[in-house]
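The primary structure of each chain is shown beneath.
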Amino acid sequence: MLKQISMRIPEEFYETLEKLSKLERQEKSYIVREALKKGLENLRKEIAIKLYKERKATLSEAGKLADIGIGEMMEILIKEGVKSGISIEDFEESEKSL
């Protein structure tokens, strides 16, 4: 179900929206929904990376926040140059419990 929201945007955003709407032959509302969806996906990943870096989220929690699997989250963290928060002791401990 779609919810309605009203907001003010800068004139340059509106002009871009009109251009994209004409080029894609789509309603402006569709273009806005697509832009919002993609922007929120990126924002979720950025926040997940930030929280993981700050050790405020585990790898699993970061993946859930970003709405992706742990493997994909690991790939993103590697690309971002984020070092793992798992120590050798943690790894050995988990190995023992297996």
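Anything mentioned here points back to the structure above.
Let us look at helix H3 (residues 59-66). Every buried residue of H3 is listed here: Leu59, Ala62, Gly63 and Ala66. Looking straight down H3, one finds its buried side chains confined to an arc of 100°; they lie on one side. Just downstream of H3, Asp67 is the residue with a positive phi angle, here 60°.

Running from amino to carboxyl end, H3 crosses helix H4 (residues 70-79) at an angle of 95°, the nearest separation of the two axes being 9 Å. What the angle tells us is that H3 and H4 run roughly perpendicular. Between H3 and H4, the contacting residues are Leu59, Ser60, Ala62, Gly63 and Ala66 on the first element and Ile70, Met73, Met74 and Leu77 on the second. Broken down by class, the residue content of the contact of H3 with H4 amounts to seven nonpolar, two polar and no charged.

Attention now goes to the packing of aromatic side chains. Taken as a whole and judged by the stated rule, the model has zero aromatic pairs. Over the ring of Tyr52 we find Arg55, and its NZ or CZ is 5.3 Å from the ring centre.

Summed over the entire model, instances satisfying the criterion amount to two salt bridges. Ionic pairing is found between Glu54 and Lys50, a salt bridge with its closest N-O pair at 3.7 Å. Residue Glu54 is classed as partly exposed on the basis of its relative accessible area, which comes to 37%. Lys56 is paired through a salt bridge with Glu54; the nearest N and O atoms lie 3.4 Å apart. On the basis of relative accessible area, Lys56 is assigned to the exposed category, the value being 60%.

Here is what the cut-offs are and how they apply
- Residues numbered from 1 in each chain as written.
- Predicted model: local features only at pLDDT ≥ 70, side-chain atom pairs only at ≥ 80, totals over all residues.
- Heavy atoms only, no water.
- Buried < 20%, exposed > 50% of the residue type's maximum accessible area, 1.4 Å probe, protein only.
- Helix = DSSP H or I, 4+ residues; strand = E, 2+ residues; numbered from the N terminus.
- Arc of directions from axis to C-beta.
- Axes fitted to C-alpha atoms, helices over the stretch in contact; angles between N-to-C directions.
- Parallel < 35°, antiparallel > 145°, perpendicular 65-115°, else oblique.
- Contact = heavy atoms within 4.5 Å.
- Nonpolar A, V, L, I, M, F, W, Y, C, P; charged D, E, K, R; others polar.
- Phe/Tyr/Trp six-rings, centres within 6.5 Å; stacked < 30°, edge-to-face > 60°.
- Lys NZ or Arg CZ within 6 Å of the ring centre and 35° of its normal.
- Salt bridge = Lys/Arg side-chain N within 4 Å of Asp/Glu carboxyl O.

Purely geometric numbers; function is a separate question.
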